[in-house]
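Letter by letter, the chains look like this.
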Protein chains: 2
Amino acid sequence: MPKTHTSESKIAFEGRARVVIEEVAPEIDNGRFPIKRVVGESVVVEADVFVDGHEKFTPVVLYRRELNKEWTEVPMAALGNDRWRATFRVTEMGRYRYTIMAWVNHFQSWQFDLTHRPDTDPDLTMVYKSGAELIKKASVNVTGREAEKLNSAARTLNGGASLDEKRRVALDDEITDLMERYTGRQQVTRYDKELTLVVDRERARFSSWYEFFPHSCQGNQHAGFRDCEARLRYAASMGFDVVYLPPIHPIGRAYRKGPNNTLTAGPEDTGSPWAIGAKAGGHKSIHPALGTIDDFRRFVGKAKEQGLEVALDVAYQCSPDHPYVKEHPEWFRRRPDGSVQYAENPPKKYQDIYPFDFESESWESLWHELKDIVEFWIGQGIRIFRVDNPHTKPFAFWEWLINDIKRQHPDVLFLAEAFTRPKVMHRLAKLGFTFSYTYFTWRNTKHELTEYFTELTKSESREYFRPHVWPNTPDILNEYLQFGGRPAFLVRHTLAATLAAGYGIYGPAFELAENRASKPGSEEYLDSEKYQPRHWDTNRPDSLKDHIARVNRIRRENPALQSDWSLRFHDIDNEKLICYSKTTDDLGDIILVVVNLDPHHRQSGWVDLPLEMLGVHAEQPYQMHDLLSDARYIWNGTRNYVELDPQLAPAHIFRLRRRVRSEQDFDYYI
Amino acid sequence: MPKTHTSESKIAFEGRARVVIEEVAPEIDNGRFPIKRVVGESVVVEADVFVDGHEKFTPVVLYRRELNKEWTEVPMAALGNDRWRATFRVTEMGRYRYTIMAWVNHFQSWQFDLTHRPDTDPDLTMVYKSGAELIKKASVNVTGREAEKLNSAARTLNGGASLDEKRRVALDDEITDLMERYTGRQQVTRYDKELTLVVDRERARFSSWYEFFPHSCQGNQHAGFRDCEARLRYAASMGFDVVYLPPIHPIGRAYRKGPNNTLTAGPEDTGSPWAIGAKAGGHKSIHPALGTIDDFRRFVGKAKEQGLEVALDVAYQCSPDHPYVKEHPEWFRRRPDGSVQYAENPPKKYQDIYPFDFESESWESLWHELKDIVEFWIGQGIRIFRVDNPHTKPFAFWEWLINDIKRQHPDVLFLAEAFTRPKVMHRLAKLGFTFSYTYFTWRNTKHELTEYFTELTKSESREYFRPHVWPNTPDILNEYLQFGGRPAFLVRHTLAATLAAGYGIYGPAFELAENRASKPGSEEYLDSEKYQPRHWDTNRPDSLKDHIARVNRIRRENPALQSDWSLRFHDIDNEKLICYSKTTDDLGDIILVVVNLDPHHRQSGWVDLPLEMLGVHAEQPYQMHDLLSDARYIWNGTRNYVELDPQLAPAHIFRLRRRVRSEQDFDYYI
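Below is a short write-up of the structure. The structure displayed is predicted, hence computed values, not measured ones.

## Things to note about the sheet that holds strand β24 (residues 568-572) of chain A
All names here are of chain A. In space, the eight strands of this open sheet follow the order β29-β28-β31-β26-β25-β24-β27-β30, with antiparallel pairing throughout. Unpaired on one side and paired on the other, β29 (632-635) and β30 (639-644) mark the two borders of the sheet. Neighbour-to-neighbour, the strand axes of this sheet turn through a mean angle of 35 degrees, independent of strand direction. By the bridge criterion, four bridges tie strand β28 (residues 622-626) to β29 in an arrangement that is antiparallel. When the sheet's bridge partners are listed, Y622 is paired in β29 with W635.

Next up, the structure:
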């Protein structure tokens with residue numbers, strides 16, 4: 001019978017399915033959106049499961065890859081207050097489904113009742129006969145030794161054995177197990193939704209990005225991809241694993257912006273890479289000054305040799321010179337005089353940019369073409385896309401595009417560059433973006449950092465929103481960096497790289513501590529690379545490159561820093577000092593970070609640690625190994641002193657090493 | 001096109017519907033269950049609504065009676081952070097539906113942009129032409145004066161008028177309003193669920209119940225309905241509006257229980273009314289000692305004359321003598337010897353009770369017969385049912401029964417007597433029970449009461465779980481009552497009647513302060529009426545009946561006490577004193593209750609009131625009128641002194657009267 005409710009008195013569903021399943025977690029927006037994991041991670045599923053009366057029941061979690069039909073079952077364990085839990089591990093990229101099923105377990109109920117009956121219960125003989133009936137019924141499905149075991153048990157319960165013997169047989173572990181396996185499941189309740197789960201490769205959780213403008217790889221002249229190969233080696237030497245390039249397409253001439261975003265570009269000015277499209281082509285073409293498609297493929301290959309993956313920018317907008325403007329006039333909005341409506345956010349005007357009109361009658365062909373762009377670059381070996389301003393294009397479009405692409409290419413990752421309101425950012429993450437830029441750039445105090453990263457790592461949103469944190473971008477040079485000198489850059493890099501498993505910097509501006517803003521109160525860079533190539537002396541002695549390389553190596557060597565959910569802030573009695581830890585589940589790797597947020601003054605304080613939670617005995621000393629300086633400190637008890645001078649080193653990245661031998665041995669720490 | 005997502009690259013939905021609607025509240029379990037209201041109440045609907053980009057949009061709440069097809073629209077107002085809200089009022093009993101709809105509002109976006117354009121914007125002429133186009137498009141749907149208004153506006157925006165004049169016309173209120181009404185709605189996003197709402201009559205929210213055993217209305221002899229008419233007048237004199245009777249059906253002989261639940265009943269012993277069914281009939285029959293069905297109808301009529309509604313007990317279980325046992329052996333579970341399985345919860349046995357087997361193959365006929373029982377009593381004029389132990393019958397059964405009955409009879413109310421685990425109680429409330437017994441009986445300290453009633457009145461569960469609180473029942477004589485003397489009864493009654501709009505007592509045991517338990521540590525009454533009629537001297541001078549009558553009158557006269565959501569606890573610096581207020585939404589009625597929870601000693605303390613929230617000026621004195629003693633106190637400022645002697649009066653029920661005239665007048669308070 002179909003399991004639906006009907007009006008009036010007709011009963012058209014299985015009314016004997018007595019178990020109730022509700023409050024399933026994780027479940028995003030009633031199952032409308034998937035949760036996210038990477039290969040090798042676990043999913044912990046919980047639910048309220050209960051039945052009328054005091055009957056026992058069996059709840060199980062079911063999961064499968066979406067491509068497979070067959071479910072795997074995991075029994076759930078009781079947590080108390082009608083809450084149940086089971087865990088499973090995902091091993092393949094792509095989409096999974098999971099749900100819950102439960103049914104009344106009459107044999108378990110019978111066993112439970114039995115244990116509460118006194119030996120004087122006059123009904124005991126009858127009770128054992130009831131048990132024998134249940135066993136005989138189950139044994140129909142069994143053969144061989146197992147059948148014999150069950151039949152023998154039924155005979156014992158039915159026969160003249162002593163009450164002690166009957167009781168022993170009734171509660172026997174093997175019988176219990178056989179009954180669990182072979183009792184026909186009847187009146188099964190199945191949770192009314194199949195929940196979805198997207199499994200990505202590990203880089204979705206743990207990645208270190210280096211963004212640079214390829215046009216700047218050759219001094220102040222416009223560079224080509226071949227000139228950028230040294231920059232790849234340089235990025236690899238700092239320990240990054242992704243290099244991300246701003247748009248590499250032909251740049252429009254019309255209304256081209258000059259240096260520092262001036263309205264009048266000279267003939268030699270390069271224009272903004274985000275003003276995409278010219279006679280030489282559009283989103284599927286390469287800027288002639290950067291080279292050919294073959295040069296690009298060579299560049300991607302060179303990157304790979306260095307252990308680097310290339311991420312491209314997807315900016316769905318056109319310069320007035322983009323071939324689409326003539327080929328597909330129907331994709332743009334017209335003004336009353338017939339001209340194309342350029343981008344505006346009054347009083348701001350962007351005459352060099354034509355937005356697509358997603359309300360066009362031809363929206364379907366537009367969607368397909370935009371997806372084609374992504375597919376084209378996938379064809380060139382690209383698997384990571386950083387999406388420019390996704391929040392100014394329809395949500396439904398992104399959901400369709402990303403899911404469609406990932407069905408074909410589950411290894412493709414999308415980073416949402418949506419610096420906008422929280423609910424909009426969350427929606428983009430829910431509908432499919434792999435990771436998301438965050439507000440990290442503007443969170444500089446201890447209170448702000450603690451509150452924000454607690455929300456990112458402890459709330460339900462962590463199931464779908466993977467933070468990717470950036471201390472700077474070509475658009476954002478935060479005040480803290482403008483006025484904190486070199487120590488500010490050390491602080492913000494250390495925070496980014498240890499608070500979040502996914503982070504990136506825009507360089508070489510970052511490691512060279514470039515801090516000149518275009519004007520007071522602005523976060524724009526002076527002489528921004530968005531509008532002109534820049535020469536960077538990456539060998540400057542004050543460069544942060546060695547610090548960055550060291551931190552990236554620490555990240556690679558310590559799995560605790562490769563995921564975010566274990567993040568935990570610790571008390572320290574100085575508002576300028578922040579302290580937090582990350583650990584692996586088994587506490588095999590414990591990283592404790594202390595950062596002096598004040599870039600100007602030495603600060604000191606007492607750290608307060610929850611030793612029990614970190615697996616440390618309160619009475620034993622433990623070693624704190626600073627992986628930045630290689631210094632080792634012996635700490636004792638919960639409260640210990642730290643002092644950090646920003647001019648020397650504004651942070652500790654400790655690995656906590658527990659003592660494993662007694663005082664009879666030499667001191668030795670793992 | 002159907003609005004569904006398909007796999008691969010086919011696009012089969014309206015991709016231009018850009019607005020997103022999520023996090024709708026109230027919404028119970030993803031819309032699986034309805035929220036509840038009574039006639040005249042409001043529903044406040046909130047949702048996150050937003051769109052890509054910075055376009056304006058219009059969100060509305062839609063609602064309708066389930067029987068009607070036509071929706072009523074209510075515009076939503078912005079609360080900030082992408083949250084929106086609208087309110088509607090329900091006026092009819094039965095089921096309603098509500099949902100949300102939103103669409104991009106191009107004219108509003110255009111107006112908003114306009115207000116941000118400087119007068120020097122070179123595009124202004126073009127911009128006004130765009131506005132004129134929008135207006136002309138809308139005017140197609142308009143006739144008469146309104147069309148003329150729109151056309152004239154379009155001409156102004158298109159023509160040579162001054163910028164000031166164009167701007168005035170563009171932002172004109174009437175134009176804005178006409179555009180809102182006549183612009184065709186395109187690419188509408190509709191929330192993907194229609195949420196449901198059950199509207200009951202007012203008694204679902206506000207009721208005062210008096211439970212009594214009709215067999216006790218005539219001294220120690222088994223009384224009949226005609227003997228109970230004086231008890232009806234007595235209940236009415238105390239101000240109750242519902243009288244609730246334990247089961248009134250024939251009582252079985254087999255395994256009948258004697259006084260104090262002894263296993264051997266004598267021939268004169270009446271047995272438990274919950275052992276339903278004998279030769280004289282079952283659930284649709286009247287116990288011969290109580291009278292005939294005509295006597296019962298006369299009793300219901302007499303109750304009505306006194307302003308009382310009769311509530312019956314629904315206990316779905318049978319004595320071994322119930323006609324069903326022979327007529328429908330398929331509805332009962334058999335033991336191996338062929339006998340019917342009686343109720344057991346080892347080591348407890350209830351040989352006088354046969355439970356129905358809801359896993360029977362004949363479950364459908366069982367369900368229909370059980371519903372027939374309710375319909376039978378509806379036919380006798382009954383509209384309130386108190387359901388015995390609903391948590392031992394399947395949830396799906398109750399959902400079907402209650403919803404089916406209420407579709408035909410929306411005025412029928414069901415009270416769930418489920419003293420069990422929280423999630424089970426909540427599920428029963430969600431699936432349809434009108435109101436629910438609570439843990440109030442076991443919440444006696446200030447901390448317990450504050451925590452529990454805050455949960456009941458402030459959490460999302462208030463949307464479906466209506467508390468009904470009882471200081472005693474025939475099954476529960478709490479320790480506090482056993483050992484606190486008469487003051488304990490005064491305290492518990494005052495708490496019940498002022499904390500909750502729905503409450504009841506089991507009398508005359510309650511008002512006569514009957515506090516003898518069957519044995520130490522038990523909550524059972526000694527000589528419980530469950531097993532024998534009892535004589536009660538309702539005229540005893542120490543009876544609480546006058547106090548009860550006074551409190552019930554206060555409840556009727558003060559709408560603040562007739563609903564629960566406004567409940568708010570206030571600080572008072574004595575753990576034995578509890579203080580809380582209830583108010584009407586307009587603060588026209590403000591009730592402040594202070595109770596001494598210590599039944600033995602005088603207690604005093606300082607109450608701390610949030611005067612601003614109560615609409616009282618901090619500098620002006622206000623009058624506290626104790627509606628119990630009729631004393632009036634002048635209070636000043638936020639902190640005021642109270643003292644309560646349990647031997648005199650353990651509680652104040654103040655009405656707060658604000659001063660309405662100045663000191664030039666005589667003091668006068670409303």
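## Side note on the relation of the copies chain B and chain A
Least-squares fitting of chain B to chain A yields an RMSD of 0.1 Å, with the transformation described by 0.0 Å of translation along the axis and a rotation of 180 degrees. One copy is carried onto the other by what is essentially a two-fold rotation axis. When C-alpha distances to the rotation axis are compared across chain B, the minimum falls at B:N30, with a value of 2.9 Å. In this assembly the copies share their binding face: 100% of the residues contributing to the interface of chain B also contribute to that of chain A.

## Description of the environment of A:H283
Residue and element names in this part refer to chain A. Structurally, H283 is set in the loop between β13 (242-245) and α7 (293-305). Using a relative accessible area of 3% as the deciding quantity, one classes H283 as buried. Sequence separation between H283 and W331 is 48 residues; the distance between their C-alpha atoms is 15 Å. Contacts of H283, omitting those with residues within four sequence positions, involve H249, I276, A315, Y316, Q317, C318, H322, Y324, I373 and W377. For H283, the side chain forms a polar contact with the main-chain oxygen of A315, separated by 2.8 Å.

## Let's talk about the nonpolar core
Side chains of nonpolar character tend, in soluble globular proteins, to be buried together. Among the nonpolar cores identified, the biggest contains 162 residues, and B:F88, B:Y316, B:F356, B:F385, B:F414, B:F453 and B:L495 are the most heavily contacted of them. Non-local contacts of B:F453, meaning those with residues more than four positions away in its chain, are made with B:F440, B:V469, B:L499, B:A500, B:L567 and B:F569. In terms of nonpolar packing, the next biggest core, distinct from the first, is built from 161 residues, A:L290, A:Y324, A:L544 and A:L561 among them.

## Points about the packing of aromatic side chains
Counting across every chain of the model gives 96 aromatic pairs over all chains. Geometrically, the ring pair formed by B:Y210 and B:Y234 is edge-to-face, given 6.1 Å between the ring centres and 75 degrees between the ring planes. Remark: B:Y234 occurs in helix α6 (residues 229-237) and B:Y210 occurs in strand β11 (residues 207-211); sequence separation between them is 24 residues. Taken individually, B:Y210 and B:Y234 each receive the classification buried, so the pair is uniform in this respect. Between the aromatic rings of B:F358 and B:F397, the centroid separation amounts to 5.2 Å while the plane-to-plane angle is 50 degrees, which identifies the pairing as tilted. Of this pair, B:F358 sits in the loop between β18 (354-355) and α9 (363-379) while B:F397 is found in helix α10 (residues 395-408), placing the two residues 39 residues apart along the sequence. Residue B:F397 is classed as buried on the basis of its relative accessible area, which comes to 0%. Taken together, the ring pairs connect A:Y316, A:F358, A:W363, A:W367, A:F385, A:F397, A:W398, A:W400, A:F414 and A:F433 into an aromatic cluster. The ring of A:W565 has A:R462 sitting right over it, with the charged end atom 3.8 Å from the ring centre. We note A:R492 situated over the ring of A:Y480; from NZ or CZ to the ring centre the distance is 5.9 Å.

Rules used throughout
- Residues numbered from 1 in each chain as written.
- Chains lettered and ligands numbered in written order.
- Predicted model: local features only at pLDDT ≥ 70, side-chain atom pairs only at ≥ 80, totals over all residues.
- Heavy atoms only, no water.
- Pairing = 2+ DSSP bridges.
- Helix = DSSP H or I, 4+ residues; strand = E, 2+ residues; numbered from the N terminus.
- Axes fitted to C-alpha atoms, helices over the stretch in contact; angles between N-to-C directions.
- Least-squares fit on C-alpha atoms with pLDDT ≥ 70 in both.
- Contact = heavy atoms within 4.5 Å.
- Buried < 20%, exposed > 50% of the residue type's maximum accessible area, 1.4 Å probe, protein only.
- Polar contact = N/O pair within 3.5 Å; in protein donor to acceptor, adjacent residues only side chain to side chain.
- Core = buried A, V, L, I, M, F, W, Y, C linked by side-chain atoms within 4.5 Å.
- Phe/Tyr/Trp six-rings, centres within 6.5 Å; stacked < 30°, edge-to-face > 60°.
- Lys NZ or Arg CZ within 6 Å of the ring centre and 35° of its normal.

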